[in-house]
Structures are given as structure tokens and as C-alpha cells.
Amino acid sequence: MADEFATSVDMGLQLTKRIYYGKNPPKPLVMEKESSEINNLPTAPMVYAVVKDPSMVDNPDIPSYQPYVYGRCDPPALIPLDMQGIAMEVDCYMDTAFVTVNGTWRMHCIASSRYCDCRIAVPMGEQGSVLGMEIETPSRSYSTLLIESNDTQDAGLVANAKDGFLLNRRIYTLKVPQVAGGSILSVKVSWSQKLLYQDGQFSLNIPFSFPWYVNPIAKLLCKKERIRLNVNSGMGKEILCGSCSHPLKETRRLVGSLGFLYESEVRAWSMDDFSFSYKVHSSEILGSVLLNRVSMLDVDQRELFCFNLYPPTVNAMKVFRKEVVYVVDISASMQGRPLENVRSALLAALSKLSPADTFNLIAFNGKSLLFSSSMEPSGKESIGKAIQWIDQNFVAEGGTDISLPLNQAIEMLSKNGDSIPLVFLITDGSVGDEREICEALRGRLMKRGLNAPRISTFGIGLYCNHYFLQMLAQIGRGYYDAAYDLDSISSRLERLLNGTSSVILADLKIEALESLDSFELYPCYLPDLLSSRPLIVSGRFIGTCPGSVKVRGTLADLSSFVVDVKVQKAKDFPLERVFARRQIETITANAWFSGSKQLEEMVAKLSLQTGVPSEYTNLVLVENLKEKQTSKLETVDEKASDQLNVKKIIYLRALGVGFGNSKATADNLPVEAAEPKLHETSEMVFAAASNLCGKLCDFCCCMCFIQFCSRVSDRCAVTLAQLCTALACFECISFCCEVCGECG
């Protein structure tokens, strides 16, 4: 779908050449780049005119009176609108950022007497999750709203929703219907995303690079950019600022909290993503526990806490020796770029193993192939043989069986305590015995304690069951990640393989907290502390928490380690909001595993309470007419309801990743087959069919008229019947041509 989007934008840019700017048009402030440098996918919040009829493309202020253009744009073209203003506010808490963007765009490319749809596209950063959108047009206002899936009056409306989806799972896009040429659109959109952690510092990157063609050229406008940034580390320690892409001015400095502002009149809109980095310096392991008393409206009245443990910013601690088994899916659906990208990341990970480590490889489809019957030392010779084995055996074919290779990997790892056993499972498929796999592994791993293998999982595409992979990683005290588009597989997988291999503190326990009543962690088991990332978990409990707690673990030399962690009240730190997505994903995985309807209801309520989408809630777009407010609620099929005081509800696609597709896995469908279509043809075919039905109705009316006429003259009746039949056949042929043209 990304290629489809880029092609539509390219068509739109070609159509903008029709726009007339007067006898002496002003020159663009920013010169056009070479076509080879342009991707045409949005790299910042954007709004596009959806053009099906090219004749509507014109300057709304200065009509050009160009010759009429015949034909239609199939698929519709996307013309980027001129941007009139932009402001962004960012609140960072630990590793989570909340972003709100306010922008205005003008329909500069559509004649003032014409109307067309507008498509909004919002690229989000790392693990972005859309939280809401508000849109203002001259005649209507729109806002997104979360509803429970079970509350939907007609499930078919949700199931058949065509719009409101994620492009490559990182660009949220939806369509605003029928906006007049020359209109101003105001858009406010909010989302959350993650900060990456590398070399002891957090790094934030927000898509904020606007292409040259959104700078207005018809008028000289005063363009203002505004960015406000707030940072709260949650550690009560001094924050050390790193690099920044835009000239921020410090407005507030407190212990553990900073505020910045950038505001400027600019000649052209920002062409750089907004980036910022910071660190909380410590030469030792540093931790904290934050408490937050819940509100009366919280669905879970247990007290909420956050536990975080940071590795030293200077890597002076010894890393555990590793025994690593890579379990790689080579089923037929992995053919081409997916398997090539996995191979690239795997070779990079093998090259970074230390001489003391051991490794093995298992490739699986309907059967499993082992590189070696035992663990191999990570010397040059063994790695060289492994590369040859990969080249010979990484051939995408066959089905998918995860249980056998996973059990083989666990049995292969030793039970001594001088190393950390690691298993990495990489797959793009879903299998029928996933709950049985989790249940069996949970019993086996619990018995082995410190020696139990850490299982990390990596999902590719939308056909695999990501909640199975998350549950497996929770049980295995490992980590989970995913890539939903082909271009991100290699980088994300390499980051998972390398980052989660550097264990410095294992077998962690939080004393005092674990002895409290109704103690629950998200995730359910504490992972190890890595040198490459902090350990940040949340949880719930009932009881009185002491002023400090002891955290115990095992170091790489097998000695015990204890650190006192201070417990403090969360001040200006919205724990509920920051950890909502973590809790929703963890509880959803547990709901899938246990089949508990009660947990599903808890997820739905937590989603509605925090605004974070889930598998059990759906976004809808609510439309209000400005000139006339009504108390009647109409869905797109004009069904009446009295739930909300609005004009219309447009149902949007579900934003969850689902629970896997075993049929698509069995059929070995490729990753890209799961992508939603940007332009649905069913509506166009339906319109053509409706047109035909109307013509046939007219034909029937003619026949009735003929019967009346036959009473007067038989010859007249025959003549009219022949004429109407010919016209009906002609319309059938026209309909077939229309359908063939729409369907290609």
C-alpha cells in the first residue's frame, strides 16, 4: 500500500501543474528536489486533496478557464495541500513521549465551486499509537472517539469499514468527506511513541520534515513554527541534555524535569525531523519506584506503581556469557525480501558474538533443520560454516510448525549456571497450538530458575499472532519486537538480537513489593537487566509500601547483588497515562492465553479510560454540522440512534494487530498481502451497479407505459418495446465497461 500511496501523490503533483497563479507567478521559496530523492510518503503530518475528477483542479482564487479535462483519475490522485501553520507540543516521561500537533492547511488546488474528500496522514515515531484527532472545516467539525466493539449496534459496519488505518503500522491516515475548494482545514492530532535508549541516553525522533511542495506560493504568508518540549525523567536526578535538531530555548529546569520552547517565523517549513536526546548520568545501577494513587474512575482500584532500573551509563559491568539458539521460520511465505532481511540481521548478530559465547541455528517450516547437534563455539571457523549453512538451507518453502524447533532449542541449552541461555524465535506465521506451546513452556521454564532459557520473539507482518509472541516472551523473561513492513525487518531484528544479548543482572526480585497483597506485574515476570536498555515495568498492588525496597539479582560472576531503591510519590508524572499501552498489551496477551472474558472487558474499559486503542475497542469519526446542531445520530447508512448528540458517525477500521491468521499461514500468503488497500474499488463498482439498477428501473417504467400504449396502437407498442430493449442493452454494455475500467 505504501507504493500505492506514493504513486497517488506523484499523480497529484503532476496535476498541480494545472493550477494558475497569474501572469507573473511567484517562485517557490524552496526548490524542487530531484525526483530520485523524493519518496512521496509523508514524513510529517500532511493533508491531501483526493482527486477523482481532474477537471476540478484549479486555483480557487484565480480561475484559469482551462479546457475541460475528460476522464477520471484511477486510482484517485492525492494533491498535497498548502500548509498555513504548525505547532507541536511534546511531553516526555521516561521512555514514552506524548505528541500533539496543531496544523492548518488550505485547499489551494480545487476550484471554489467544487468539493472533494481530503486525506489526513500522520506519520508517528517508534511504536506510535494514535490517541485522537480533531478536524475543523468551514461547515463541519470532526473528532475521533473510542467505543467498545461489543457496543456497536451493527457489527457489519465495523467489519466493512474501509477507512482509518495504519500504513506500514506507522502512518495513520483517514479521510474527511467533501471539503470545498479554497477552504481552510484545522487538524489537531495526538499520539504516543517510544524513546530509544542507546549508549546511556534516551533519544526522541518525531517525523517533522515537510516536503518543499507544502510551502504556499500563491501568497506571501507569515509562517510560524512552534515547538514546546517538556521532559520528566522520573528519577529525581539531574538531566544531562544531548543533541537537538531545532534551536530550543530552556524555559524551566528542576531536578529531574526540564522545559523548552522553540518559536520562530520561518521562510520555509521545517525540513528536518525533530530530535532530542538526554541522559541521567550514573556510574552505578540506578533505580526508583514511583507510586500513584488511582482516581475514583479507574477500572482497577489497586494502587499503581512503576519500577525502573537503569544500567550504568559507563559500561563497566561484566556481561553474562551467552548460549544462543536462533530459531528462524523458513516457510514459503518468507520467500524473497523477508528471509533476505532476516538473513542480513542474523549475520550481523553472529559477527558480534564474543569468543566465550556458543551458538546454534534451527531453521523450520513443516520440519526443522539443525546447523549442529550441539552448541558451537563462536570462533571464525564455526561462524564461517554457519554462514555457508544459512546460504544452503535458508530456502523458503513448506508450512509452519513452531513447537518442534522451539522444544529442540530449549533442550539443547545446558542447565549450568555460568551462562545465560537465550532463544530467539523469528516467524511470520500463526499456528493452531499456540496456547499449548505457552502452557507447556511455562511449566518447564519455571522449574529451571536462573538456568531457564530467556525466550525473545520477533514477529513479521500481520498474519502472525503477536499476542502469542508477547506471551511467550513474558513467560520466557525475554523481549518482544515486530516489523510490519519489509523495509524495517533488518534494522529492528538486529536491534533485538544485539540489545537483548547483553545481560548484566539476572534473576531479579523486588523484595517488599512482591509480598504485598494482590501484587501484579506488567509484564508478569521480571526480565533481566541489560547493559543496552533500562528495565521499566509497572504494576498494581494493595497495601502499604515501605519507603524503600531492596532489589536482588545475580551478576555475571554468579555473585549476589543488592541495591536499595527509593519509593516516592509520583509528582507531575501521570503513571496511568504513561503505562496504559504496556498494561493493555500485557492484559490482552493474558486474555488471549486464558480465554478470560473478564480480562477482555478490563482491557476495553482501560482503553476507553486512557484513550489508547485496543483489540476490544474501535475508533469512530464523529461529524457535527456547525450551522445546525441536531440530537439525532445517523450512521453512514442513516440508522437512527440516541447515544450521542451528533449528526453522523463514520466507522473506522480496527487498529489492533489481531490474533493471527492461521489460514493465511497455511496458504503461505506473503507479508504484504495483509496490507489494507488505500483505494477500495467496491464502492465504485457498487455505484456503477446502482446506476444500472436505476436505468433498468426506468426500462421497467417504459415497459409499463408500453402496455398502456398498446391499448391504443399495437404497432406503436412494438416500436417502443424494441427501442427500450436496445437502450437497456446499451446501458448493460456501458455498465460492463465501467466495471472493467474500475477493476482493471
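Please refer to the structure higher up on the page.
Now for a description of the structure that goes with this document.

About the thresholds
Residues numbered from 1 in each chain as written. Predicted model: local features only at pLDDT ≥ 70, side-chain atom pairs only at ≥ 80, totals over all residues. Heavy atoms only, no water. Helix = DSSP H or I, 4+ residues; strand = E, 2+ residues; numbered from the N terminus. Buried < 20%, exposed > 50% of the residue type's maximum accessible area, 1.4 Å probe, protein only. Contact = heavy atoms within 4.5 Å. Areas by Shrake-Rupley, 256 points an atom, 1.4 Å probe, with all protein chains shown as cover. Phe/Tyr/Trp six-rings, centres within 6.5 Å; stacked < 30°, edge-to-face > 60°. Lys NZ or Arg CZ within 6 Å of the ring centre and 35° of its normal. Expected span 1.5 Å × (residues − 1). Polar contact = N/O pair within 3.5 Å; in protein donor to acceptor, adjacent residues only side chain to side chain. Axes fitted to C-alpha atoms, helices over the stretch in contact; angles between N-to-C directions. Left-handed = near helix turned anticlockwise from the far one by under 90°. Nonpolar A, V, L, I, M, F, W, Y, C, P; charged D, E, K, R; others polar. Disulfide = S-S within 2.5 Å. Parallel < 35°, antiparallel > 145°, perpendicular 65-115°, else oblique. Pairing = 2+ DSSP bridges. Salt bridge = Lys/Arg side-chain N within 4 Å of Asp/Glu carboxyl O.

**What to know about the overall build of the chain**
Regarding its fold elements, the chain presents 14 helices and 36 strands. Put simply, the chain has 744 residues, and 54% of those count as buried. Within the chain, contacts between residues separated by at least 24 positions form 78% of all contacts whose residues are at least 6 apart in sequence. Here the chain has roughly 32,800 Å² of accessible surface; of this, 52% comes from carbon and sulfur atoms.

**Comments concerning the packing of aromatic side chains**
Note on aromatic pairs: each is described by the distance of the centres and the angle between the planes. With the rule as written, the count across this model stands at 20 aromatic pairs. Aromatic pair Phe208 and Phe210: ring centres 5.2 Å apart, planes at 75°, arrangement edge-to-face. Taking relative accessible area as the criterion, Phe210 reaches 1% and is therefore assigned buried. For the cation-ring pair, Arg169 lies above Tyr484, with the distance from its terminal atom to the ring centre recorded as 5.4 Å. The residue whose ring lies beneath Arg533 is Tyr479, and the NZ or CZ to ring-centre distance is 4.7 Å.

**Focus: helix H11 (residues 597-610)**
With 14 residues, H11 should reach 20 Å at 1.5 Å per residue; the first-to-last C-alpha distance of 20 Å fits that figure. Lining the buried residues of H11 we find strand S7 (140-148), helix H10 (580-594) and strand S33 (617-625). Looking at where H11 begins, the residue whose side-chain oxygen comes 3.3 Å from the main-chain nitrogen of Gln598 is Ser596. Following H11 by one or two positions, Gly611 has its phi on the positive side, about 80°.

**Quick notes on the packing of helix H3 (residues 337-351) against helix H8 (residues 489-499)**
Where H3 meets H8, the closest approach of the two axes is 8 Å, and the angle between their N-to-C directions is 35°. Classified by chirality, the crossing of H8 by H3 is right-handed. Residues Pro338, Asn341, Val342, Ser344, Ala345, Leu346, Ala348 and Ala349 of H3 form the contact with H8, whose participating residues are Ile489, Ser490, Leu493, Glu494, Leu497 and Asn498. Here the residues of the contact of H3 with H8 sort into nine nonpolar, four polar and one charged.

**Considering the environment of Asn150**
Turning to its location among the elements, Asn150 is positioned in the loop between S7 and helix H2 (155-159). According to the relative accessible area criterion, Asn150 is exposed, its value standing at 71%. Placed 467 residues apart in sequence, Asn150 and Thr617 show a C-alpha to C-alpha distance of 8.2 Å.

**A look at unusual backbone geometry**
Across the junction of Asp74 and Pro75, the peptide omega takes the value 5°, indicating a cis bond. In this structure, the amide linkage connecting Tyr522 to the following residue, Pro523, adopts the cis form with an omega of 5°. Residue position: Pro523 is located in the loop between strand S28 (517-522) and strand S29 (529-530). Phi at Gln127 is positive, roughly 50°, even though this residue is not glycine. Within the secondary structure, Gln127 is located in the loop between strand S5 (115-123) and strand S6 (129-136). Overall, Gln127 belongs to the partly exposed group, its relative accessible area being 37%. A positive phi is found at Asn168, a non-glycine position, where the angle reads about 60°. For Asn168, a relative accessible area of 12% gives the class buried.

**Focus on the state of the cysteines**
For the structure shown, the criterion picks out zero disulfides. Cysteine Cys109 shares no disulfide, and the gap to the nearest cysteine sulfur, in Cys116, comes to 6.5 Å. Using a relative accessible area of 0% as the deciding quantity, one classes Cys109 as buried.

**Considerations on the packing of H10 against H11**
Two quantities define a packed helix pair, namely the angle between the helix axes and the distance between the axes. Running from N to C, H10 and H11 point in directions that differ by 160°, and their axes come no closer than 9 Å. One element, H10, and the other, H11, form an angle in the roughly antiparallel class. The handedness of the crossing between H10 and H11 is left-handed. For the pair formed by H10 and H11, the contact residues are Ala580, Gln583, Ile584, Ile587, Thr588, Asn590, Ala591 and Ser594 on the first element and Leu599, Glu600, Met602, Val603, Leu606, Ser607 and Thr610 on the second. A class-by-class count of the residues in the contact of H10 with H11 yields eight nonpolar, six polar and one charged.

**Re H10**
Over its 15 residues, H10 extends 21 Å from the first C-alpha to the last, a length consistent with the 21 Å expected when each residue adds 1.5 Å. Among the residues of H10, those classed as buried are Ala580, Arg582, Gln583, Ile584, Thr586, Ile587, Thr588, Ala589, Ala591, Trp592 and Phe593. Just past H10, the residue Gly595 takes up positive phi, approximately 70°.

**What about the sheet that holds strand S2 (residues 77-80)?**
Read from one edge to the other, the open sheet built from five strands follows the order S2-S1-S5-S9-S8, with strand pairing classed as antiparallel. Whereas interior strands pair on both sides, the edge strands pair on one side only; in this sheet they are S2 and strand S8 (165-167). Each adjacent strand pair in this sheet contributes to an overall mean axis angle of 40°, direction not counted. Summarising the sheet, strand S1 (residues 46-51) and S2 pair through four bridges and their orientation is antiparallel. When the sheet's bridge partners are listed, Val50 is paired in S2 with Leu78.

**Brief notes about the pattern of salt bridges**
Opposite charge on two side chains makes pairing possible when the charged atoms of those side chains draw close. Taken as a whole and assessed by the stated rule, the structure comprises 31 salt bridges. With its nearest N and O atoms 3.9 Å apart, the salt bridge here joins Asp300 to Arg540. Remark: Arg540 occurs in strand S30 (residues 535-542) and Asp300 occurs in the loop between strand S18 (286-292) and strand S19 (303-310); sequence separation between them is 240 residues. When salt bridges that share partners are traced, they join Glu126, Asp481, Arg492 and Arg495 into one network.

**As for the sheet that holds strand S12 (residues 201-206)**
Judged by pairing direction, the sheet is antiparallel, and its four strands sit side by side in the order S11-S12-S17-S14 without closing on themselves. The sheet is open, and its two borders are formed by strand S11 (196-198) and strand S14 (240-244), each paired with just one other strand. Direction aside, neighbouring strands of the sheet carry axes that sit 25° apart on average. As paired elements, S14 and strand S17 (residues 274-279) share three bridges and run antiparallel to each other. When the sheet's bridge partners are listed, Cys244 is paired in S17 with Phe276.

**What about the environment of Asp557?**
Here Asp557 is to be found in the loop between strand S31 (548-554) and strand S32 (560-569). Measuring from C-alpha to C-alpha, the distance between Asp557 and Phe320 comes to 7.9 Å, with 237 residues separating the pair along the chain. Within the structure, the side chain of Asp557 is placed 2.5 Å from the side chain of Ser559, a separation counted as a polar contact.

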